[in-house]
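# Geometric and topological summary
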Amino acid sequence: MNLINKEIKAVNGIKIPQVGFGVYKLNKGEDFETAVGEAIKIGYRHFDTAKIYGNEKDLGLAIEKSQIPREEFFITSKVWNTDHGYEATKKAFEQTCKKLNVEYLDMYLIHFASSYYLETWHAMEELYLQGKIKVIGVANFEIQHLEELMKHSKITPMINQIETHPEFTQNELHQYLTKHKILHEAWAPLGQGNKALLENTVLKKIASHHEKEWLK
Ligand SMILES: NC(=O)c1ccc[n+]([C@@H]2O[C@H](COP(=O)([O-])OP(=O)(O)OC[C@H]3O[C@@H](n4cnc5c(N)ncnc54)[C@H](OP(=O)(O)O)[C@@H]3O)[C@@H](O)[C@H]2O)c1
């Protein structure tokens, strides 16, 4: 099976395409349209954006242009630090949906554990129970943040999106997430193009086995 289409299940049974296409730093306009258009063409359905990336509207347009039903996509966005708090989060969620031109989000994450993240989470729990978000989670949360969140919430985060790559495996946090049935999602799986990582002998061996090479 094509890795792009492989799915994993969140604790509530929702299926998540395991490999997503992140649009961080992807320029708006023509570049965005070409890159996301190609990604859709080769089979990507999971797209990861955030309010702070400033390209939610472009992602919505690219998805619409594909003429593939919205339900076939898995769209993630994130609530930014300046929108923390109960009311502010609800408003931010509505704006994100409007920009993406969708009725619901497949996944919504707290981008960082800055002030008022508990109130933010309570708003997300409510949106989840109303069926407006299929999977709720967090990003960049450490164990202490998760402990605090779980102590004051009804729903445990279903996923934590954290920096993870072969030079930064986050073993301790990974074990904690596994214990609490929280999925571990990697951001920067390629180390953000880190040249040293791309020269890693094990990775080079794997790449050559698959007849792939890094772009210089
Ligand atoms: N939650 C968070 O706080 C957070 C933070 C960061 C990222 N993310 C999410 O995770 C996604 C992925 O992370 P990321 O974009 O930061 O890092 P990444 O995917 O690890 O790395 C992207 C970099 O890898 C380079 N690259 C890709 N394929 C390559 C190849 N075959 N040969 C050489 N270089 C290659 C790209 O170079 P070019 O630029 O030259 O194409 C780009 O600079 C983001 O788009 C975003 O959705 C989330």
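Described in the following lines is the structure provided in the data block. (Residues numbered from 1 in each chain as written. Predicted model: local features only at pLDDT ≥ 70, side-chain atom pairs only at ≥ 80, totals over all residues. Heavy atoms only, no water.)

### Examining the packing of helix H4 (residues 117–129) against helix H5 (residues 143–151)
- Relative orientation of the contacting elements H4 and H5 amounts to 55°, with a least axis distance of 10 Å. The angle between the axes of H4 and H5 places the two elements in the oblique class. Where H4 crosses over H5, the two elements pack in a sense that is right-handed. Contacts between H4 and H5 involve Tyr117, Leu118 and Trp121 from the former and His145, Glu148 and Leu149 from the latter. (Axes fitted to C-alpha atoms, helices over the stretch in contact; angles between N-to-C directions. Helix = DSSP H or I, 4+ residues; strand = E, 2+ residues; numbered from the N terminus. Parallel < 35°, antiparallel > 145°, perpendicular 65-115°, else oblique. Left-handed = near helix turned anticlockwise from the far one by under 90°. Contact = heavy atoms within 4.5 Å.)

### Considering the pairing of strand E5 (residues 74–79)
- The element E5 is largely enclosed, with a buried count of six among its six residues.
- Residues of E5 alternate between two faces, with Phe74, Thr76 and Lys78 on one and Ile75, Ser77 and Val79 on the opposite face, all of them buried.
- Strand direction decides the pairing type here: strand E4 (residues 46–48) and E5, joined by three bridges, are parallel. Residue phenylalanine 47 lies in a different strand from E5, and its bridge partner there is isoleucine 75.
- For the segment spanning E4, helix H2 (residues 56–66) and E5, crossover handedness is right-handed.
- Where E5 meets strand E6 (residues 105–110), four bridges bridge the pair, whose relative direction is parallel. Within E6, the residue paired with threonine 76 across the bridge is methionine 107. (Buried < 20%, exposed > 50% of the residue type's maximum accessible area, 1.4 Å probe, protein only. Pairing = 2+ DSSP bridges. Right-handed = clockwise from strand over helix to strand, strands pointing away.)

### Points about the site of the ligand
- Within the structure, the ligand sits among 21 residues, and Asp48, Asn140, Gln161, Leu190 and Gln192 are positioned closest to it.
- A distance of 2.7 Å is found between an oxygen atom of the ligand and a backbone nitrogen or oxygen belonging to leucine 190.
- Backbone polar atom of glycine 193 to an oxygen atom of the ligand: 3.5 Å apart, as the coordinates give it.
- Alone, the ligand offers 900 Å² of accessible surface; in the complex the protein occludes 67% of this.
- Here the residues of the shell around the ligand sort into twelve nonpolar, seven polar and two charged. (Near = heavy atom within 4 Å. Polar contact = N/O pair within 3.5 Å; in protein donor to acceptor, adjacent residues only side chain to side chain. Areas by Shrake-Rupley, 256 points an atom, 1.4 Å probe, with all protein chains shown as cover. Nonpolar A, V, L, I, M, F, W, Y, C, P; charged D, E, K, R; others polar.)

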